[in-house]
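Architecture at a glance
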Amino acid sequence: MLTPVAGSAVATPEPAAAKSRNRAQLCSFLLLVALPLLISATYLYARAADQFVSTVAFTVRREEISAPVDMLGSLGQFSGLSSSDSDILYEFIQSQALVAGLDRQIGLRQLYGKAQNDPVFSLAQGSPIEELMLHWSRMTRLSYDSATGLIELQARAFTASDARTITTAVLEQSDAMINALSLAAQQDSTRFASEELDQAAQTMRTARNRLQQYRREQRIIDPIADLQGQMGLLNRLQSQLATALIDLDLLTETTRQSDPRLRQGRRKIVVIKARIDAERQSLGTGSGPQQTSYADIVGQFEALQADLDFSERAWITARAAYDLAQAEARRQSRYLAAYIQPTLAETAQYPRRATTLLVMAFFLAGLWSCGVLIFYSLRDRR
């Protein structure tokens, strides 16, 4: 019988549990990492359709040319971007309205559904607008710099011409959107001025009709001119009365009381005074059909004339404001400036097969490693 020698190494066979663990790890790796990578590589290189990229970039510009009075200080100025318009356009490109418009214009569903052998990247026929929106978000990349207002869009399609068709249609739709915003702004800037002008014109017409009606009722075209004529006659009578009184005083000092010229002078003075009283009475009652006093006639006429003058000045002011609003609307315009026209790709850039497989391998390997560690950690605690 052999006995083991002290100090000598004895070879022990590998435990069966360790072999079983290694086989389980290998099977799980093949099942969870290698097999998905093999399936993905087969799909990407055998069935996934090539995708071409077209790029377009633009911004919203606002043109403001100085008014003629401002030309003395400068020949004009062109302002830059309008950030609010760029924000609106950025949201519009991501909206359902744009996607639906593109589908009507270029048949977006048909363009995205051309690669029927590629169920992952192709759009199924008859898809609703919601699925088309999701596919649009996957097939486009939109970037926006709010500080500068620059917008860049990259659109993918299964042919280079289709990709450029999409970016060209987006540029056209965006240009139409900006034109609509510009037109709305011009209409808003002139609508209020137009309403004010119409109201001022109506007020002026009403004041003129009231003054014309008053003239017909009083049968006087211009009471002020008529009054001035009456006052001129009264002033002449006052002058004649003063002359007659002076002549009478001279005759009294140089002739006898029985002189007939004195009697004639006194008679002349009486007649002149009577005429002055009659003219004053005429000024007090006026010459209208209702015998209204001249003071009332002139007062009402001046009030109506003042209303007419004020309404005419208000109309002139409103007209000037309307013309200025129209000029401002013509001077301020928005337009879409494309600094990168829609490009035409020569080679396919998507799907990025090697990059996709590398990312999947890293992710699956990490996930598998974490799962193995967690599993054996929980098992060893038992």
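Below: a short report on this structure. Residue indices follow the written sequence of each chain, beginning from 1 at its first position. Where local features are concerned, this predicted model is filtered to residues with pLDDT of at least 70; where side-chain atom pairs are given and counted, the filter is 80 or more; whole-chain, interface and lining totals use all residues. For side-chain calculations, the full set of non-hydrogen atoms in the structure is used, while hydrogens and water are omitted.

Right, let's get into the pattern of salt bridges. Whenever Lys or Arg places a side-chain nitrogen within 4 Å of a carboxyl oxygen from Asp or Glu, that contact is recorded as a salt bridge. This model, assessed by the stated rule, comprises five salt bridges. Between D162 and K114 there is a salt bridge; the shortest N-O distance is 2.6 Å. Of the two residues, D162 sits in helix 6 (residues 160-218) while K114 sits in the loop between helix 4 (108-112) and helix 5 (129-139), which places them 48 residues apart along the sequence. Of the charged contacts in the structure, one is a salt bridge between R208 and E312, with a shortest N-O distance of 3.4 Å. Residue R208 is found in helix 6, and its partner E312 is found in helix 9 (residues 294-331); the two are separated by 104 residues along the sequence. Among the residues examined, E312 registers a relative accessible area of 26% and is labelled partly exposed. Helix and strand assignments follow DSSP, with helices taken as H or I runs no shorter than four residues and strands as E runs no shorter than two, numbered in order from the N terminus. Each residue gets one of three labels from its accessible area relative to the maximum for its type: buried under 20%, exposed over 50%, partly exposed in between, using a 1.4 Å probe on protein chains only.

With that out of the way, let us pick up the nonpolar core. One finds F58, L89, L108, Y112, W136 and I166 to be the most contacted residues of the largest nonpolar core, which totals 29 residues. Looking at which element gives the most residues to this core, the answer is helix 6, with six residues. The contact criterion used throughout is that any non-hydrogen atoms of two residues lie within 4.5 Å. Ignoring sequence-local partners within four residues, the contact set of L108 consists of V99, L102, D103, L132, W136 and I166. Within the second largest apolar cluster, 10 residues are counted, among which are A244, L251, L262 and I269. For our purposes a nonpolar core is just a set of buried Ala, Val, Leu, Ile, Met, Phe, Trp, Tyr and Cys residues, chained together by side-chain atoms within 4.5 Å.

Once that is clear, we can look at the packing of helix 3 (residues 96-106) against helix 6. With axes taken as lines fitted to C-alpha atoms, and helix axes fitted only over the stretch in contact, angles between N-to-C directions fall between 0 and 180 degrees. In contact at an axis separation of 10 Å, helix 3 and helix 6 are set at 120° when each is read in the N-to-C sense. Relative to helix 6, the element helix 3 lies oblique. Seen from above, helix 3 lies across helix 6 with right-handed handedness. Here L98, G101, L102, Q105 and I106 of helix 3 come into contact with helix 6, specifically with T165, I166, A169, V170, E172 and Q173. For this scheme, ten residues count as nonpolar: Ala, Val, Leu, Ile, Met, Phe, Trp, Tyr, Cys and Pro. Four count as charged, namely Asp, Glu, Lys and Arg, and the remainder, Gly too, count as polar. Class assignment of the residues belonging to the contact of helix 3 with helix 6 gives a composition of six nonpolar, four polar and one charged. Throughout, the term roughly parallel applies to angles under 35 degrees, roughly antiparallel to angles over 145, roughly perpendicular to angles from 65 to 115, and oblique to all others. Crossing handedness is defined as follows: a turn of the near helix away from the far one that is anticlockwise and smaller than a right angle gives a left-handed crossing, while the clockwise case is right-handed.

Any link to function would need more than the numbers given here.
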